[in-house]
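Descriptive analysis of the structure
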Amino acid sequence: MIDDYLETLARDARASGLESERLVDEAADHLRQAASAFEAMGYTRHEACMRAIADFGDPRTIVMSTSTNLGGFMRSKIRALALAIGVVATVTLWVGHVAPSQENTHTLFELMLVAAVATMGATTVLLLASIHQIAAVIAAPVAAISVWAIAAEAAGEVGLRVGGVNYIWALVGVAVLVIAVCHLLRVRGAVGIGLLISGVIGLVLNGAWEPTGALGDGQGNIPVLLLTIGWGWIALSVSVGSWAHQQAARLCALIATWLIGIARRLASGLPL
Amino acid sequence: MAHELIRGHLDMLVLAAVQSGATHGYAITEQLRLHSNGAFDVPEGTLYPALYRLEDAGFLRSSWVAVDGRRRRVYQLTRRGKAALARKRREWGSFTRAVSGVLASRTRGEPA
């Protein structure tokens, strides 16, 4: 039972970019001592472990408190550096996006844009410090977009067009999917990652890489906005600790309440 | 006792619990519970973020020791930690005297 608790604590700590080893080792020592003390009072082993765990508290609360207390990313110089580089990359993205695409400057701005997007991705990994989880999160939209592309191709063959509003819906769908996967994997900055990946996929769907100029001619407005908001969200969620998470949770709860209300109204109109 | 009230003074309480010598997390929570007659009953896991913060601030130093084949992190006050505890004690003394003065005046019916 204590081992299960420690496993959850370690997973939550890693997902928050904390060095989990020390926290988990200290928690293990604490819980074993507390359980032994309860056993000495006459509790069974099972009851003693239950009480020790209950007294120790919720793993997520402890991890969030640790993260906030350590000043989040500021404890790590690499993360502070990643934040600074990410800010520069975001500014570069916008400079490249709004710059006039004259013949002689076109290639330079294209390179700036590609470098900016790549740097934002790299700094995201550094800020969140959970490469394996982010890889898992990226796999989900790639699979989804492949299915979407095949479906679009099939729709094209029967004379339907997938574009315009459907393009926006595709981005929204990818964002929601990524956020859901991030939430399940307990990855910090779920909303930010969702928006970031949607932005990149938006660029691909825009034909931004063939050639990259689609970013600079106004077609890439939505993906560039998504990239900016997504990266900003990640930076905020890492730097201000639990605030962004609480706001996202509050928004999710609001949406859920709203949906349940609609479902109840619909259900009340149905014949029994 | 309200958790918020304890949390606001947790640094001072932890420093006071560590002042007697090198000690570990579980012993600190036991000391807090014992000396407060059970009033300081906060989730024990929240002690560790406070310990890390105090160590980060240079008030505590810690090291691993081996106990029964397991490793245990023990904490002790640094010179800065001792100075910080002394300062917090003075501040707390002034604060409680001020609050007691106001409360006593209201009890006696004097104008506040």
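Residues numbered from 1 in each chain as written. Chains lettered and ligands numbered in written order. Predicted model: local features only at pLDDT ≥ 70, side-chain atom pairs only at ≥ 80, totals over all residues. Heavy atoms only, no water.

1. Some thoughts on the confidence of the model for chain A
Residue and element names in this part refer to chain A. This prediction gives chain A a mean pLDDT of 71; 55% of its residues lie at or above 70. Looking at the elements of chain A, mean pLDDT is at its lowest for helix H7 (residues 131-157), recorded as 60, and at its highest for helix H3 (residues 45-56), recorded as 90. Between residues 158-162, whose pLDDT stays under 50, and residues either more than four places distant or in other chains, the model counts five contacts. A low-confidence stretch, residues 209-218 (pLDDT under 50), is modelled with 22 contacts involving residues beyond four sequence positions or located in other chains. (pLDDT = per-residue confidence, 0-100. Helix = DSSP H or I, 4+ residues; strand = E, 2+ residues; numbered from the N terminus. Contact = heavy atoms within 4.5 Å.)

2. Some points on the interface of chain B and chain A
The partner chain A presents 20 residues to the 23 residues of chain B that form the contact. The largest per-residue losses of area from chain B upon contact with chain A belong to Tyr-26, Tyr-48 and Tyr-52 of chain B, which jointly make up 30% of the total buried on that side. Counting every contact that joins chain B to chain A gives three salt bridges. Between chain B and chain A we count 12 residue pairs in polar contact (both at pLDDT 80 or more) in total. Mapped onto the side of chain B that touches chain A, the elements with two or more residues apiece are helix H3 (25-35), helix H4 (47-56), strand E2 (60-67) and strand E3 (70-77) of chain B. Residues that form the side of chain B that touches chain A fall into these classes: nine nonpolar, six polar and eight charged. (Buried area = accessible area lost by both parts, 1.4 Å probe. Salt bridge = Lys/Arg side-chain N within 4 Å of Asp/Glu carboxyl O. Polar contact = N/O pair within 3.5 Å; in protein donor to acceptor, adjacent residues only side chain to side chain. Nonpolar A, V, L, I, M, F, W, Y, C, P; charged D, E, K, R; others polar.)

3. A few points about the pattern of salt bridges
Oppositely charged side chains are able to pair whenever their charged atoms sit close together. This model, assessed by the stated rule, comprises nine salt bridges over all chains. With a closest N to O distance of 3.3 Å, Glu-26 of chain A and Arg-22 of chain A form a salt bridge. Here the residue Glu-26 of chain A and the residue Arg-22 of chain A both occupy positions in helix H2 (residues 20-40), the gap between them amounting to four residues, near one helical turn. Judged by its relative accessible area of 4%, Glu-26 of chain A falls in the buried class. Taking the shortest distance from any N to any O, the salt bridge between Asp-25 of chain A and Arg-71 of chain B comes out at 2.6 Å. (Buried < 20%, exposed > 50% of the residue type's maximum accessible area, 1.4 Å probe, protein only.)

4. So, the sheet that holds strand E1 (residues 23-24) of chain B
Residue and element names in this part refer to chain B. Taken together, three strands build an open sheet; the order of strands is E1-E3-E2 and the sheet is antiparallel. Either end of the sheet is taken by a strand with one partner, and the two such strands are E1 and E2. Bridge analysis of E2 against E3 gives eight bridges, and the strand direction is antiparallel. What sits directly across from Ser-63, in E3, is Val-74. (Pairing = 2+ DSSP bridges.)

5. A closer look at the nonpolar core
Of all hydrophobic cores here, the largest spans 43 residues; its most connected members are Leu-6, Leu-23 and Leu-31 of chain A together with Leu-15, Leu-51 and Leu-60 of chain B. Considering each element in turn, this core owes the most residues, eight residues, to H2 of chain A. Ranked by size, the runner-up nonpolar core spans 21 residues in total, among them Ala-82, Val-117, Leu-196 and Ile-234 of chain A. (Core = buried A, V, L, I, M, F, W, Y, C linked by side-chain atoms within 4.5 Å.)

6. Points about H3 of chain B
Considered for burial, the residues of H3 of chain B that qualify are Gly-25, Tyr-26, Ala-27, Ile-28, Thr-29 and Leu-32 of chain B. At the C-terminal side of H3 of chain B, Asn-37 of chain B shows a positive phi close to 55°.

7. Here we look at the packing of aromatic side chains
Each pair of aromatic rings is reported with the distance of its centres and the angle of its planes. Per the counting criterion, the structure on display carries four aromatic pairs over all chains. Aromatic side chains Tyr-5 of chain A and Phe-56 of chain A sit 6.0 Å apart centroid to centroid with 85° between the ring planes, which places their arrangement in the edge-to-face category. Of this pair, Tyr-5 of chain A sits in helix H1 (residues 2-15) while Phe-56 of chain A sits in helix H3; the two residues are 51 residues apart in sequence, bridging distant segments of the chain. Each of the two residues, Tyr-5 of chain A as well as Phe-56 of chain A, counts as buried. Judged by centre distance (5.9 Å) and plane angle (40°), the rings of Phe-56 of chain A and Tyr-48 of chain B are tilted. Taken together, the positions of Phe-56 of chain A in helix H3 and Tyr-48 of chain B in helix H4 put the pair across two chains. Each member of the pair, Phe-56 of chain A together with Tyr-48 of chain B, is buried. Through a chain of ring-to-ring contacts, three or more aromatic side chains come together here, namely Tyr-5 and Phe-56 of chain A together with Tyr-48 of chain B. Taking the ring centre of Trp-64 of chain B as reference, the NZ or CZ of Arg-71 of chain B above it sits at 3.8 Å. (Phe/Tyr/Trp six-rings, centres within 6.5 Å; stacked < 30°, edge-to-face > 60°. Lys NZ or Arg CZ within 6 Å of the ring centre and 35° of its normal.)

8. Brief notes about unusual backbone geometry
One non-glycine residue, Asp-68 of chain B, lies in the positive phi region at around 50°. Topologically, Asp-68 of chain B is positioned in the loop between E2 and E3.

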